[in-house]
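A closer look at the structure
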Amino acid sequence: MNRTPFQDLVQLIETTVKSEHSRSPNRPIYLVGESLGACLALAVAALNPDIDLILILSNPATSFHNSQLQTLSTLLEVMPEQLPFSLPYDTRIVEGPPLRMLMANVGKGLPFQQTVGEFSESLGTFLHCLSVLPDILPRETLLWKLRMVRSASSFVNSRLHAVKAQTLILSSGRDLLLPSQEEAERLRRTLPNCQIRNFKDSGHTLFMEDGVDLVTIIKGADFYRRTRHIDHVRDYVPLTPSEFKEVSKSYRWLDIATSPVMLSTLENGKIVRGLTGIPSEGPVLFVGYHMLLGWELSPLVCKILIERNIHIRGVAHPLMWSGSDGTMPDVSAYDTYRVMGAVPVSATNLYKLFSTKSHVLLYPGGVREALHRKGEEYKLFWPERSEFVRMAARFGAKIIPFGVVGEDDISEVFLDYNDLMKIPYFRTQIQELNKVGVRLRTDVNGELGNQDLHLPGILPKLPGRFYYLFGKPIETEGRKMELRDKEQAHEVYLKVKSEVENSIAYLKEKREKDPFRNILPRLFYQAIHGIDSEVPTFEI
């Protein structure tokens, strides 16, 4: 029976926002709104452009005039009150895909009888809600709500130019109530600082659906910050068990296909299977070879977290934080990396990671190494001079050189950068992509400076196996003054590089003696001993 007008609701929220802002003027305020709530959040942001607001908007109702609600509203306006009114169809579109919500308990590993029982109970509750909804939401109430949404949409659309807030729009692909995906694109073009995350299988009531974790979405989109400017190191929220479970699930196929062999080196120089040789206490800097397309990355990070409970923070290409403009890959493709703790590569972020005693992953070869040409497997493309040794020495960080092989056992490059640049269409695409993208090492000449982003043509192979060798930790503690000297630091740098090359050579030689290098004998072994059993390898 509440009939509070839209602008009065805006004022209520605005009062709370101003109160919070006066108490903590240097901290951002998050407004999370769905449908009409998204309109309320946008209205408050338009009226308070000087307050640091972050808007999380799910299927905003700003598209009311292009939706089925506009038609329904017109119909109710002209319908005589004497005619009976019911909502079977409109209830369906408001609720979204009900089966998706009813199936929330299915697939959670519950016993069959319990799953069926909970499903039947959920279905009964849902059908009961449908039967009583017309009583809860009578004609005059629904008409009032539709009028409010119409006024909210008009109010906000006339003031979008005033919205300066950082905005994240969550857009459902199966929203039968509003054209949410088209509206999200319109708002992204209109608002100055706006990103989109699409949920193609979700309905209008996104937050009611199973598997939608708002905190993970905010972390993945890089929208969590404690001050006006984000600090990728100090604002990072640690990975939760449920988040890691989802990440592991998405890379499970690669783990099964390549059955990674992890080797590490103890302080006495002995190589052992497993990750015992990796120091538990940071700061630690992992420096190694970047395989084609970074195939080695997810098994490396996941195995170390599972076996040693060590969370590695990677320093990554700034491309992962660049906005999408049609030529660049959509920034949402890198959400998982941000949830896992990746930060943009920079001296400042490396300094902050070391100061927090983190385990850090660095690839000196960067894009040039990960997008190498034909015949360049396992070749290092490192800069001539050290980029990390003196920084590591400043904090006494241990440097762990590592090698990894296996890319040539799962794929083969048949169309590389040089080939693509000879084809006019692909040459234009590469030039456009790198014109807008963030470039690194622009001051370096030759192949090391050729950091052009592109996607090589790759032929898959019957999967072989990945092999990792983490070398003996190189100590820098107590050598801060010594390694200030560029020549001394360069000697350590060359030692690290040499250790990486030696590790690669060792693994290439040893894998020839692995009877389980091919996927077929591995699958046969796991069929007998269990899919999660550790497959043997060569003798160390």
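For the structure, see preceding data.
These notes cover the structure that comes with them. If you're wondering where the values come from, they're calculated on a predicted model, not measured in any experiment.

**Re the overall build of the protein chain**
From N to C terminus, the protein chain includes 20 helices and 14 strands. Per-residue burial for the protein chain yields a buried fraction of 50% across its 540 residues. In the protein chain, 80% of the contacts between residues at least 6 apart in sequence involve partners at least 24 apart. Carbon and sulfur atoms provide 55% of the accessible area of the protein chain, an area that totals close to 26,600 Å².

**With respect to the sheet that holds strand β4 (residues 194-199)**
Read across the open sheet, the four strands follow the order β1-β2-β3-β4; overall the sheet is parallel. Each edge of the open sheet is held by one strand with a lone partner, namely β1 (29-34) and β4. Geometrically, the sheet is characterised by an average inter-axis angle of 15° between neighbouring strands, direction not taken into account. Strand direction decides the pairing type here: β1 and strand β2 (residues 53-58), joined by six bridges, are parallel. Residue pairing across strands places L31 opposite L55, the latter belonging to β2.

**Notes on the pattern of salt bridges**
Here the structure, examined in full by the defined rule, presents 26 salt bridges. Residue R197 pairs with D335 through a salt bridge whose shortest N-O separation is 2.6 Å. Of this pair, R197 sits in strand β4 while D335 is found in helix α13 (residues 335-339), placing the two residues 138 residues apart along the sequence. When sorted by exposure, R197 lands in the same class as D335, which is buried. R234 is paired through a salt bridge with D231; the nearest N and O atoms lie 3.5 Å apart. For R234, a relative accessible area of 47% gives the class partly exposed. Each member of the salt-bridge network shares a partner with another, and the members are D408, D409, R511, E512 and R517.

**Quick notes on the packing of helix α1 (residues 6-23) against helix α2 (residues 36-47)**
In the contact formed by α1 and α2, the axes pass within 9 Å of each other and the chain directions differ by 60°. What the angle tells us is that α1 and α2 run oblique. Crossing of α1 over α2 shows right-handed handedness. Judged by residue contacts, F6, L9, V10, I13, E14 and V17 of α1 engage L36, C39, L40, A43, V44 and L47 from α2. Class assignment of the residues belonging to the contact of α1 with α2 gives a composition of 11 nonpolar, no polar and one charged.

**What to know about the sheet that holds strand β7 (residues 284-288)**
Overall, mixed pairing links the eight strands, which are arranged β6-β5-β14-β11-β7-β10-β8-β9 in an open sheet. Each of the sheet's edge strands pairs with one partner strand only, and the pair in question is β6 (271-273) and β9 (343-344). Looking at chain direction, strand β5 (residues 261-265) and β6 are connected through three bridges and run antiparallel. Following the sheet pairing, S264 is matched in β6 by V272.

**A few points about the nonpolar core**
F286, L300, I304, F388 and F470 are the most contacted members of the largest nonpolar core, which totals 67 residues. Looking at which element gives the most residues to this core, the answer is helix α19 (residues 486-510), with eight residues. Core analysis: the second largest hydrophobic core is formed by 43 residues, L40, I51, L76 and L142 among them.

**A short note on unusual backbone geometry**
In this model, G282 is joined to P283 through a cis peptide bond whose omega is 5°. Inspection of the secondary structure puts P283 in the loop between β6 and β7. The residue K357 is not glycine, and still its phi comes out positive at about 60°. By the element assignment, K357 lies in the loop between α14 (347-355) and β10 (359-362). The phi dihedral of Y378 falls on the positive side, at around 70°, and the residue is not glycine. Mapping Y378 onto the fold places it in the loop between α15 (366-370) and α16 (389-394).

**Description of the packing of aromatic side chains**
The tally for this structure, following the rule as stated, stands at 15 aromatic pairs. Here the aromatic rings of Y30 and Y224 are separated by 6.5 Å at their centres, their planes lie at 20°, and the arrangement is stacked. Within this pair, whereas Y30 is found in strand β1, its partner Y224 is found in the loop between α9 (214-220) and α10 (241-250), the two being separated by 194 residues in sequence. Judged by relative accessible area, Y30 falls into the partly exposed class, the value being 27%. The class of Y224 is partly exposed, set by a relative accessible area of 27%. Ring geometry for F402 against F470: centres 5.5 Å apart, planes inclined by 35°, an arrangement best described as tilted. Of this pair, F402 sits in strand β11 (residues 398-405) while F470 sits in strand β14 (residues 467-470), and the two are 68 residues apart along the sequence. With a relative accessible area of 0%, F402 lands in the buried category. Judged by its relative accessible area of 1%, F470 is buried.

**Comments concerning the packing of α2 against helix α7 (residues 139-157)**
Packing of α2 against α7 brings their axes to within 9 Å, and their N-to-C directions diverge by 35°. In the packing of α2 onto α7, the handedness of the crossing is left-handed. Between α2 and α7, the residues in contact are L36, C39, L42, A43 and L47 and M148, V149, A152, F155 and V156, respectively.

**A closer look at the environment of Q11**
For Q11, the location among the structural elements is in helix α1. Counting along the chain gives 32 residues from Q11 to A43, while the straight-line C-alpha distance between them is 9.6 Å.

**So, the side chain of D419**
Structurally, D419 can be placed in helix α17 (residues 417-420). Those residues in contact with D419 that sit more than four places away from it in its chain are K374 and F414.

**A closer look at helix α20 (residues 519-529)**
For α20, the full list of buried residues reads I519, R522, Y525 and Q526. In an axial view of α20, the angular spread of the buried residues amounts to 125°, which keeps them on one side of the axis. For α20, the exposed residues set more than 90 degrees away from the buried face come down to L520, F524, A527 and I528. Of the residues flanking the end of α20, it is G530, one or two places downstream, whose phi is positive at about 110°.

**A short note on α19**
With 25 residues, α19 ought to run about 36 Å at 1.5 Å a step, and its terminal C-alpha atoms sit 36 Å apart, in line with that. Turning to α19, its buried residues number three or more, namely A489, H490, V492, Y493, V496, V500, S503, I504, Y506, L507 and K510. Elements that come into contact with the buried residues of α19 comprise β5, β6, β7, α16, β11 and β14. One side-chain oxygen of the residue at the start of α19 lies 3.2 Å from the amide nitrogen of E487, identifying that residue as D485.

Definitions and cut-offs
- Residues numbered from 1 in each chain as written.
- Predicted model: local features only at pLDDT ≥ 70, side-chain atom pairs only at ≥ 80, totals over all residues.
- Heavy atoms only, no water.
- Helix = DSSP H or I, 4+ residues; strand = E, 2+ residues; numbered from the N terminus.
- Buried < 20%, exposed > 50% of the residue type's maximum accessible area, 1.4 Å probe, protein only.
- Contact = heavy atoms within 4.5 Å.
- Areas by Shrake-Rupley, 256 points an atom, 1.4 Å probe, with all protein chains shown as cover.
- Pairing = 2+ DSSP bridges.
- Axes fitted to C-alpha atoms, helices over the stretch in contact; angles between N-to-C directions.
- Salt bridge = Lys/Arg side-chain N within 4 Å of Asp/Glu carboxyl O.
- Parallel < 35°, antiparallel > 145°, perpendicular 65-115°, else oblique.
- Left-handed = near helix turned anticlockwise from the far one by under 90°.
- Nonpolar A, V, L, I, M, F, W, Y, C, P; charged D, E, K, R; others polar.
- Core = buried A, V, L, I, M, F, W, Y, C linked by side-chain atoms within 4.5 Å.
- Phe/Tyr/Trp six-rings, centres within 6.5 Å; stacked < 30°, edge-to-face > 60°.
- Arc of directions from axis to C-beta.
- Expected span 1.5 Å × (residues − 1).
- Polar contact = N/O pair within 3.5 Å; in protein donor to acceptor, adjacent residues only side chain to side chain.

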